[in-house]
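Examining the three-dimensional arrangement
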Amino acid sequence: MSMIDFATAIQSLGIVMPALLVLVKATLILTIARLLLAAFPRLSAATKHMVITLALCGAIALPIIGLAVPAWRVPVLPSPQGAPASAGDTTVSAAPPPAKAGAPARTIGATGDDDELPRSTVAAAITVAKAAGVVKESRLDAFSRGIDAAKASWQGFLLMAIAAASLALLLRMAVGIAGVGVVAGQSQEISDDASLRELDHAQDHLRLPRAVRLLRSERVSVPVVWGLARPVLLLPASSIDWPAERLRVVLLHELAHIKRWDGLTLLVTKAAVALFWFHPLMWSLERLGRAECERACDDLVLESGTKPSDYAEHLLSIAKALPQVDPFRSVTLAMSRRSQLEGRLLSILQPHVRRAHFSLTTVSTIAVLSLMLLVPFASVRLVAAPQPPSSSTVTVVAEKSEKQHASFDLDKLVDTSEVLLAKYDKLTSRRAPVTGREWYERGYDFHQSEHFAEAIDAFKQSIAHGYRVDDAMYNIACGYAQLDDPANAVKWLRDAIAAGFDNYDHIDNDSDFDPIRETREFKQVMAEAPDHERRKDDRLDSTLRRYDALHRAPSPDGEAWFSAGFDLLALRQYDRSIDAFKQALAKDFKPSTTMYNIACGYSRKGDAAGATQWLEKAINEGFDNTDKLDDDPDIDNVRKSSQFAALRQMADDLRLVHKWSLFEGDWVDVLPRFRDMTRKYPNIGRSWFNLGYAALQAGQNAESISSFKRALDLGYRGSTTMYNIACAYARSNQPDAAMEWLQKARSAGFKLSNYIDNDQDLNSLRSDPRFRELRKEVRTEN
């Protein structure tokens, strides 16, 4: 059967015809997506997820676009004798049927002397006009008409049954969303400083502007992201005992979902499955899409520098606590599912997997291009080709006459530009806030995205509606402080205090006021606060006691020193803060971040030279948060120096992963840039380490070894560099050298226990008796 014969058979099915045409088009889109994935198996997870999401969204958009845009009628189908042409054709290719007995004859043409159009033509026009919204129709009438049409045939009953099943699935999804909302509302807010600092660091690394609430609940067994405009990250109760590294990778993974707007794509794809629940390709692609979505977030975590074997170990540990039944599986994004675990672990541990991700601009551009292809495809209608006029053809609109003013074009009635623009405005317009709470939330969102002027206006509207007046005034003060307008900031802060805002501890520690904290006006406001000096002294005394206790402790860890340094910096005890951070650095705790905070301490105390020196050390050690370099008020004194521009450029140059390539995991393509950086910064160990790592991932083992050894000579990350040299030798099938460098890394303090069991770079050594003995020794040490 030819395609035209098939389409003709479909069109003969009456009421089922439009649904079947949509199904055929959807199947074509889904099949193309499947073929693309099969033809390019090495695409990155983010690329595969985008292809799948566009296909599922395209399928669900087909009927919507078909109703919203004018029909594009393609006259290719045969028009046999005796079959009337479709509505909207200018001719009818058959003689009028004979009148039924007892019924008056009906006129098909408009060629007589009547002043009115035929009743059937007018009725068709009104029906189409009502469907387009040009002429209003009673909802009850429209519903009744649809039910009557459906009940007229078995095909109609079939469509109603399919629609009922789709509605049931959509309702189930709505119940699941409501259930997660209830759990989130009953969860405990996480307020401990360590967790919130990790959350801030993860948001900074991913450049995520939206605020995220961090909650803990006994009713979830795996980390879960929920919500779109105000996202929530739910951690299981067991997370309270997680090590800091596990919490870090969990936060990075879950915030990656938020950065990629995976919550939105999850709901859209689930809705597509609900509407096309009977289509096996839809279920298959949806399951594959969820798996690729998780792998794309895994790639973002690995991009942060997390060792693949460590990350895999954390995933396995979380998966062990999973129950057999997950009630929120269908409506939430969870970090670890048993059904996806094996494929994700293989992807994580594979060294040559493409690991790309896309900016919002790129995704938007691809979506617009896809929509431009989808619109004409959705609007295509196959209609009967007109036949040459003959004696058996009756013209609907005859020769021009005085009565022709009564004829009209149905397409013009329905598809005017005004109607289409009205539909577009209705779909795209964003409803303005109408309540004080909505204005307050709008202001909060603007403030979090650093649109401070817009935030101030929204908070003023919240005040006008009488909603959280004191908090809104306080937030306005914060906004003016960020705009470096101390006069207005202090005015609104005083108004907030007068209105009842009395959380002076919060004011003392709120970084929003850092740009104006040293001004006379702000200091005067704080001096007038009740018990200000006592509260300040209490906090200072407590922190100093903790600082002194650390000096007396036999062997305090680096994290304790880091925390003390952070609090001392906030209390403007700059010398003690610098000392505490240096103690943390001596314990090798987060070297690059600790060095950056030392630079902040020197900058805040006015020592620009010392701050610049430590900022350069931090960048050389691995600090690459360019947003902090651009905006952090703690390094204002460095930012004014002549050396800052060069340091800022160096931080960008020495980032291990850049956004210049569409496929950032394609290390072969980006090797030339890393080589250029070693020529630009020949005496910085980090540039050689980056080249060594890139060459290792690209399979250039000899270049990797020489680069790592150069980084080691320059004193960069000794134990880690030694371990990577061992990996490169192992991948080069040089077991003696690999074992030698593993022992060197171990002696230098590298924790082999975190990598030796799972790192695939060491696979060539696993049959070596020396390697087996080393594994036993490492396990005994733990």
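The structure displayed is predicted, hence computed values, not measured ones.

Each helix and strand counted, the chain has 35 helices and nine strands in total. Out of the 782 residues in the chain, the part that is buried amounts to 41%. For the chain, contacts bridging at least 24 residues in sequence account for 67% of all contacts bridging at least 6. Just so you have it, the chain exposes about 40,300 Å², and 57% of that area is on carbon and sulfur atoms.

Most of strand β6 (residues 232-236) is tucked away, with five of its five residues classed as buried. Here β6 shows no split at all, with V232, L234 and P236 on one side and L233 and L235 on the other all buried. Bridge analysis of strand β4 (residues 213-217) against β6 gives five bridges, and the strand direction is parallel. Each residue of the ladder has a partner; that of R216, found in β6, is L235. What sits between strand β5 (residues 224-226) and β6 in their antiparallel hairpin is a turn of five residues, with G227 showing a positive phi close to 105°.

Formed by 40 residues in total, the largest nonpolar core has its most connected members in Y596, L615 and L629. Residues in contact with Y596, not counting those within four places in the same chain, are L615, A618, F623, K628, L629, D632 and I635.

A few words now on helix α34 (residues 735-747). With 13 residues, α34 should reach 18 Å at 1.5 Å per residue; the first-to-last C-alpha distance of 18 Å fits that figure. Looking only at α34, the buried set comprises A737, A738, M739, W741, L742 and A745. Two residues or fewer after α34 comes G749, characterised by a positive phi angle close to 105°.

So, about the pattern of salt bridges. Applying the stated criterion across every chain, the model contains 24 salt bridges. Residues K590 and E198 are paired through a salt bridge, measuring 3.1 Å at the closest nitrogen-oxygen approach. Placement of the pair is K590 in the loop between α24 (574-586) and α25 (591-604) and E198 in helix α7 (residues 193-206), with a sequence separation of 392 residues. Because the salt bridges share partners, they merge into one network encompassing R230, R437 and E441.

On to empty space enclosed by the protein, then. The gaps of empty space that remain are located by a probe, the size of a water molecule, rolled over the atoms. Enumeration over the complete set of coordinates arrives at four cavities of 30 Å³ or more. Space inside the second largest cavity adds up to approximately 60 Å³. Lining the second largest cavity are 12 residues, with R210, G227, L228, I258 and G263 positioned closest to its centre. Among the elements that line the lining of the second largest cavity, the one with the most residues is helix α9 (residues 262-275), at three residues. When its residues are assigned to classes, the lining of the second largest cavity shows seven nonpolar, three polar and two charged.

This brings us to the packing of aromatic side chains. If you walk through the whole model with that rule in mind, you get 16 aromatic pairs. Consider the rings of F689 and Y716, whose centres lie 5.3 Å apart with planes at 65°: the pair is edge-to-face. Here F689, found in helix α31 (residues 685-697), pairs with Y716, found in the loop between α32 (701-713) and α33 (718-731); they are 27 residues apart in sequence, far enough to count as distant. Comparing F689 with Y716 shows no difference in burial state: the two are buried. The ring of F566 carries the charged tip of R197 above its face, separated from the ring centre by 5.6 Å. For K491, the ring lying beneath its charged end belongs to W492, and the centroid distance is 4.4 Å.

For the rest of this paragraph, the subject is the packing of α32 against α33. Running from N to C, α32 and α33 cross one another at 165°; their axes reach a closest spacing of 9 Å. As the angle between them shows, α32 and α33 are arranged roughly antiparallel. Considering how the two elements wind past one another, α32 and α33 form a crossing that is left-handed. Listed contacts from α33 to N701, S704, I705, F708, K709, A711 and L712 of α32 are G718, T721, M722, N724, I725, A728, Y729 and R731. When its residues are assigned to classes, the contact of α32 with α33 shows eight nonpolar, five polar and two charged.

We now examine helix α8 (residues 244-259). For an α-helix the count is 3.6 residues per turn, leaving residues at separations of three or four pointing the same way. Counted at 1.5 Å a residue, the expected span for α8 with its 16 residues is 22 Å, and the 22 Å between its end C-alpha atoms agrees. Of all the 16 residues making up α8, 12 are buried; the element is thus mostly covered by neighbouring parts of the structure. The complete set of buried residues in α8 reads R246, L247, V249, V250, L251, L252, H253, E254, L255, A256, H257 and I258. Phi turns positive one or two residues past the end of α8, at W261, with a value near 60°.

As a general rule, the predicted coordinates of low-pLDDT regions are not to be interpreted in detail. Mean pLDDT over the chain works out to 74, with 71% of the residues at or above the 70 mark. At the level of individual helices and strands, the chain shows its lowest average pLDDT in strand β2 (residues 91-92), which scores 34, and its highest in α32, which scores 93. Within the model, pLDDT remains below 50 along residues 387-430, and this stretch shows 53 contacts once partners closer than five positions in the same chain are excluded. Per-residue pLDDT stays below 50 along residues 658-665; that stretch engages in 26 contacts with residues further than four places along the chain or on separate chains.

To continue, consider unusual backbone geometry. Phi at W261 is positive, roughly 60°, even though this residue is not glycine. Backbone geometry at D588 places phi at a positive 60°, although glycine is not the residue there.

The next thing to look at is the packing of helix α30 (residues 667-680) against α31. With their axes 9 Å apart at the nearest point, α30 and α31 run at an angle of 160° to one another. It follows from the interaxial angle that α30 and α31 lie roughly antiparallel. Helix-helix and strand crossings are classified by hand; for α30 and α31 the assignment is left-handed. Along the contact surface, α30 presents W667, L671, F674, R675, M677 and T678, while α31 presents S687, W688, N690, L691, Y693, A694, A695 and Q697.

This part covers the environment of A274. Along the polypeptide, A274 turns up in helix α9. Sequence separation of A274 and I60 is 214 residues, and the distance between their C-alpha atoms is 9.8 Å. Residues within four places of A274 in sequence aside, it is in contact with S166, L169 and L170.

Here the focus is the state of the cysteines. This structure, assessed with the given rule, holds zero disulfides. Left unpaired, C293 is separated from the closest cysteine sulfur, that of C297, by 4.9 Å.

The subject of this paragraph is the environment of L647. Relative to the helices and strands, L647 is located in helix α29 (residues 644-653). The buried category is assigned to L647, whose relative accessible area is 6%. Between the C-alpha atom of L647 and that of L615, which follows or precedes it by 32 residues, the distance is 8.0 Å. The residues contacting L647, other than those within four sequence positions of it, are T612, L615, E616 and I619.

Procedures and definitions
- Residues numbered from 1 in each chain as written.
- Predicted model: local features only at pLDDT ≥ 70, side-chain atom pairs only at ≥ 80, totals over all residues.
- Heavy atoms only, no water.
- Helix = DSSP H or I, 4+ residues; strand = E, 2+ residues; numbered from the N terminus.
- Buried < 20%, exposed > 50% of the residue type's maximum accessible area, 1.4 Å probe, protein only.
- Contact = heavy atoms within 4.5 Å.
- Areas by Shrake-Rupley, 256 points an atom, 1.4 Å probe, with all protein chains shown as cover.
- Pairing = 2+ DSSP bridges.
- Core = buried A, V, L, I, M, F, W, Y, C linked by side-chain atoms within 4.5 Å.
- Expected span 1.5 Å × (residues − 1).
- Salt bridge = Lys/Arg side-chain N within 4 Å of Asp/Glu carboxyl O.
- 1 Å grid on protein atoms, 1.4 Å probe; cavity = no way out; pocket = protein on both sides within 12 Å on 5 of 7 lines; lining within 4 Å.
- Points joined across faces, edges and corners; volume = space filled by probe spheres on them.
- Nonpolar A, V, L, I, M, F, W, Y, C, P; charged D, E, K, R; others polar.
- Phe/Tyr/Trp six-rings, centres within 6.5 Å; stacked < 30°, edge-to-face > 60°.
- Lys NZ or Arg CZ within 6 Å of the ring centre and 35° of its normal.
- Axes fitted to C-alpha atoms, helices over the stretch in contact; angles between N-to-C directions.
- Parallel < 35°, antiparallel > 145°, perpendicular 65-115°, else oblique.
- Left-handed = near helix turned anticlockwise from the far one by under 90°.
- pLDDT = per-residue confidence, 0-100.
- Disulfide = S-S within 2.5 Å.

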